[in-house]
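Below are the chains, spelled out letter by letter.
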Amino acid sequence: MNPINIAIIGCGAVAERGHIPAIINNPNANISVLVDKNLPRAQEIASKFDISNIEDDFSKIMDDVDAAIIALPHFLHAPVSIEFLKNGIHVLIEKPMALNTAECDEMIRAADEGDAILMVGLMRRFLPSHVFVKYAMDKELIGKIKSFDIQEGNVYNWPVASDFFFKKDKAGGGVLMDTGAHTIDSMLWWLGEVKKFQYFDDNFGGVEADCHIDLTMESGANGIVELSRTRNLRNTAIIEGEKGIIEVHLRQNMASIYLKEDDIGLSGNCYSNTTSSLSQYQFTDLFRYQLDNWISAIKREQKPIVTPEKARLSISFIESCYLNRKNIELPWLK
């Protein structure tokens, strides 16, 4: 079959570091055009990757592409993707899917209306270590889950191409909406629905840099989620069951399992039949796995692994957190 002609909408760091290299190395995909209102930035990226076409207006390329990867500021995710979807153009939208559930629902309707595949870039679902945790939960390898402790954070160092991450009207929120889109998605995927929670953050008018969530799941498990842009945290999820404990790295392909009854444990890299070599695993591989799944869904007219309905669950929870926020306890304010 002919390669799918893909437009990259937004030429920020995630496009440069992830999406473009993944497409270039995929024989089933072709980059038709880069679109960014900052044409010098688009030209810079086009020159780096030897891409021929650039545009500053996505409306000009609707008739020339089969699909679009949208890597724009969060507040543009819904309106731009809806335009493509209504025109029957398949969309891979960067996380977070949208700013709220109302926008998510509009995007899902647009995909139905245009008979287009909408996939959300929650690429950690392709991490073999994360897939292993889901398998372990489904098979009850460590028994009924009693508690969990999820920490993710670092002193902010993402090479941003604009300042939208720090503006509430454009980003929709801070660390919870950004990094938390991945963290909360994994939590819900592994542990199921939330029964009750309390949410605390340090947003005093802008966007939060630190937040803390106390949770009780429908299963009865209790746990915490802690996210930070100001501190280097553990960056793992520790899940304790009646029979054992699993710890999984949130950003690397590593997991450990300890079985209490047998007093035995394993720790190391994880793999599946899609990972060619454990030692060669890199962050960019996730973009490759994600792209492969999206293209397969388009060509076979089937659902991708990360459907918009699945992604909507984390947006719904994040929305509820913001609606019920309390001030986090800061030591210097005591």
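We now turn to the structure provided with this report. Quantities reported herein were computed from a predicted structural model and do not represent experimental measurements. (Residues numbered from 1 in each chain as written. Predicted model: local features only at pLDDT ≥ 70, side-chain atom pairs only at ≥ 80, totals over all residues. Heavy atoms only, no water.)

**Examining the sheet that holds strand E6 (residues 118-121)**
Then comes step 1: Reading across from one edge, E3-E2-E1-E4-E5-E6 is the order of the six strands in this open sheet, with parallel pairing throughout. Every other strand in the sheet has two partners, leaving strand E3 (54-55) and E6 as the edge strands with one partner each.
Then comes step 2: Two strands pair when backbone bridges link them, and strand E1 (residues 4-9) and strand E4 (residues 67-70) are joined in this way by four bridges, in the parallel orientation. Counterpart to alanine 7 in the pairing with E4 is alanine 68.
Then comes step 3: The strands that helix H8 (residues 283-300) touches are E1, strand E2 (29-35), E4, strand E5 (90-94) and E6; relative to E5, the one it contacts most, it runs at about 155°. (Pairing = 2+ DSSP bridges. Helix = DSSP H or I, 4+ residues; strand = E, 2+ residues; numbered from the N terminus. Contact = heavy atoms within 4.5 Å. Axes fitted to C-alpha atoms, helices over the stretch in contact; angles between N-to-C directions.)

**What to know about unusual backbone geometry**
Then comes step 1: Note that the residue after lysine 95, namely proline 96, is joined by a cis bond; omega there is -10°.
Then comes step 2: In this structure, proline 96 sits in the loop between E5 and helix H4 (101-114).
Then comes step 3: A positive phi is found at aspartate 50, a non-glycine position, where the angle reads about 55°.
Then comes step 4: Residue position: aspartate 50 is located in the loop between helix H2 (39-49) and E3.
Then comes step 5: Overall, aspartate 50 belongs to the exposed group, its relative accessible area being 72%.
Then comes step 6: Notably, aspartate 263 is not glycine yet its phi reads approximately 50°, a positive angle.
Then comes step 7: Counting through the fold element by element, aspartate 263 comes out in the loop between strand E13 (254-259) and strand E14 (264-269).
Then comes step 8: The class of aspartate 263 is exposed, set by a relative accessible area of 59%. (Buried < 20%, exposed > 50% of the residue type's maximum accessible area, 1.4 Å probe, protein only.)

**Quick look at the nonpolar core**
Then comes step 1: Among the nonpolar cores identified, the biggest contains 102 residues, and Ile6, Ile9, Phe84, Met137, Met187, Trp190 and Trp294 are the most heavily contacted of them.
Then comes step 2: Apart from residues lying up to four places away in sequence, methionine 187 is in contact with Phe148, Ile150, Gly192, Val194, Leu215, Met217, Val225 and Phe317. (Core = buried A, V, L, I, M, F, W, Y, C linked by side-chain atoms within 4.5 Å.)

**Topic: the sheet that holds strand E9 (residues 210-217)**
Then comes step 1: Taking strand neighbours across the sheet as the criterion, the nine strands line up as E14-E13-E12-E11-E7-E10-E9-E8-E15 in an open arrangement whose pairing is mixed. The sheet terminates laterally at E14 and strand E15 (325-327), the two strands that pair on one side only. On average, each strand axis in the sheet is inclined to that of its neighbour by 15°, with strand direction left out of account.
Then comes step 2: Judged from the three bridges that link them, strand E8 (residues 194-201) and E15 form a sheet pairing that is parallel. Counterpart to phenylalanine 200 in the pairing with E15 is lysine 326.
Then comes step 3: Its contacts with the sheet put helix H5 (residues 128-139) on strand E7 (145-153), strand E11 (236-241), strand E12 (244-249) and E13, and the angle it makes with E12 is roughly 155°.

**Some words on a negative patch on the surface**
Then comes step 1: A cluster of acidic residues, Asp112, Asp115, Glu301 and Glu309, forms a negative patch on the protein surface.
Then comes step 2: Along the chain, aspartate 112 turns up in helix H4. (Patch = residues over 30% accessible without salt bridge, like charges linked within 9 Å, V, L, I, M, F, W, Y side chains within 5 Å. Areas by Shrake-Rupley, 256 points an atom, 1.4 Å probe, with all protein chains shown as cover. Salt bridge = Lys/Arg side-chain N within 4 Å of Asp/Glu carboxyl O. Lys, Arg positive; Asp, Glu negative; His and termini not counted. Charge placed at Lys NZ, Arg CZ, Asp CG, Glu CD.)

**Focus on the pattern of salt bridges**
Then comes step 1: The final tally for this structure, using the stated rule, is 20 salt bridges.
Then comes step 2: With its nearest N and O atoms 3.5 Å apart, the salt bridge here joins lysine 60 to aspartate 56.
Then comes step 3: When its relative accessible area of 49% is taken as the criterion, lysine 60 is described as partly exposed.
Then comes step 4: For arginine 229, the salt bridge is made with aspartate 178, and the minimal N-O distance between the two is 3.2 Å. A residue pair is termed long-range when its members are at least 10 positions apart, and arginine 229 in the loop between strand E10 (222-228) and E11 and aspartate 178 in the loop between helix H6 (168-171) and helix H7 (179-191) qualify at 51 residues.

**Focus on the side chain of serine 81**
Then comes step 1: The topology assignment puts serine 81 in helix H3 (residues 77-86).
Then comes step 2: A distance of 2.7 Å separates a polar atom in the side chain of serine 81 from the backbone oxygen of histidine 77.
Then comes step 3: Residues contacting serine 81, with those up to four places away along its chain left out, are Ile70, Leu76, Val91, Ile93 and Met107. (Polar contact = N/O pair within 3.5 Å; in protein donor to acceptor, adjacent residues only side chain to side chain.)

**Concerning the packing of H4 against helix H9 (residues 308-323)**
Then comes step 1: At a minimum axis separation of 9 Å, H4 and H9 run at an interaxial angle of 165°. When the axes of H4 and H9 are compared, the pair comes out roughly antiparallel. Crossing of H4 over H9 shows left-handed handedness. Seen from H4, the contacting residues are Thr101, Cys104, Asp105 and Ile108; seen from H9, they are Pro308, Glu309, Arg312, Ile315, Ser316 and Glu319.
Then comes step 2: In terms of residue class, the contact of H4 with H9 is made up of four nonpolar, two polar and four charged. (Parallel < 35°, antiparallel > 145°, perpendicular 65-115°, else oblique. Left-handed = near helix turned anticlockwise from the far one by under 90°. Nonpolar A, V, L, I, M, F, W, Y, C, P; charged D, E, K, R; others polar.)

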